[in-house]
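Coordinate analysis (summary)
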Amino acid sequence: MDHENHETSENHETANANLYQAIPYLAGDITSDRVGNFHSLSDDIVNTLLIDRAGTLWVGTNAGLNRFDPERARFTHFFDNMPIHDIVEDAAGMLWVGTVAGLAQFDPVNRRTTWYRHDADTPGSLSRDDVWQVLIDTSGTLWVGTIDGGLNHLDAETGHFIAHRYDPERANSMSNNAITALYQDREGLLWGDADQFSSVQRASYGG
């Protein structure tokens, strides 16, 4: 059995099940992508869910970001046809959206987007565009897990990203550069699953 595909399938099934729990009174034709229904969910594959501080449900799918309007029983679409891997909300109410094309800071009030992407000619840019995990820790620091680019954290003072990558010459470096999970425990330690199936790694500002 292909363990990676099996794991991905289980994650999608869980996310879809959570979506139905979040809006249990809706008929199937609004919660699934239907040809000609522009107010349905943009795609059947749900990767991530967020209920923001205002109580709004956001759904990240393989074909964009969706905002649910319970009064009108409809979805509004953003980032059309773009796979969305993760969504978090910061203290200012901004959404940080992890996509295959970079990290987006999205203002849900005025619908403005600021993109953070990798640029080899710009020091402090994101280490890789394929963003799978986004986490804001208890200190307010933004962490970004990428595929092949390792782990990044945003320096709020400079606006630059600092990358933490696998280094074969450092015993305490991450095991590889694919970050598919991030979690902060009760002690404040940040944990990342560097390759999804191997041992969990600890991350710190020191790499």
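Residues numbered from 1 in each chain as written. Predicted model: local features only at pLDDT ≥ 70, side-chain atom pairs only at ≥ 80, totals over all residues. Heavy atoms only, no water.

In terms of nonpolar packing, the biggest core is built from twelve residues, these being Leu 50, Trp 58, Leu 65, Phe 78, Phe 79, Met 82, Ile 84, Ile 87, Leu 95, Val 97, Ala 104 and Phe 106. Of all elements in the fold, only strand S5 (84-89), strand S6 (95-99) and strand S7 (102-107) reach the threshold of two or more residues within this core. Excluding residues that lie within four positions of it along the chain, Ile 84 makes contacts with Asn 47, Thr 48, Gly 60, Thr 61, Gly 64, Leu 65, Phe 79, Val 97, Gly 98 and Thr 99. Of all hydrophobic cores here, the second largest spans ten residues; its members include Val 88, Val 134, Leu 142 and Val 144. (Core = buried A, V, L, I, M, F, W, Y, C linked by side-chain atoms within 4.5 Å. Buried < 20%, exposed > 50% of the residue type's maximum accessible area, 1.4 Å probe, protein only. Helix = DSSP H or I, 4+ residues; strand = E, 2+ residues; numbered from the N terminus. Contact = heavy atoms within 4.5 Å.)

The next point concerns the confidence of the model for the chain. Per-residue confidence for the chain gives a mean pLDDT of 82; residues scoring 70 or more make up 76%. Long-range and interchain partners of residues 1-9, a stretch whose pLDDT sits below 50, account for six contacts in this model, where long-range means more than four residues apart. For residues 195-199, every residue scores under 50 in pLDDT, and the model assigns this stretch eleven contacts once sequence neighbours within four places are set aside. (pLDDT = per-residue confidence, 0-100.)

On to the packing of aromatic side chains, then. In the structure shown here, the tally under the stated rule is eight aromatic pairs. For the pair Phe 79 and Phe 106, a centre-to-centre distance of 5.7 Å together with 65 degrees between the ring planes defines the contact as edge-to-face. Here Phe 106 lies in strand S7 and Phe 79 lies in the loop between strand S4 (74-78) and S5, a separation of 27 residues in the sequence. Phe 106 shares its class with Phe 79; the two are buried. By way of ring pairs, the aromatic residues Trp 58, Phe 78, Phe 79, Phe 106 and Trp 115 are connected into one cluster. The aromatic ring of Trp 115 is capped on one face by Arg 117, whose charged end is 4.1 Å from the ring centroid. (Phe/Tyr/Trp six-rings, centres within 6.5 Å; stacked < 30°, edge-to-face > 60°. Lys NZ or Arg CZ within 6 Å of the ring centre and 35° of its normal.)

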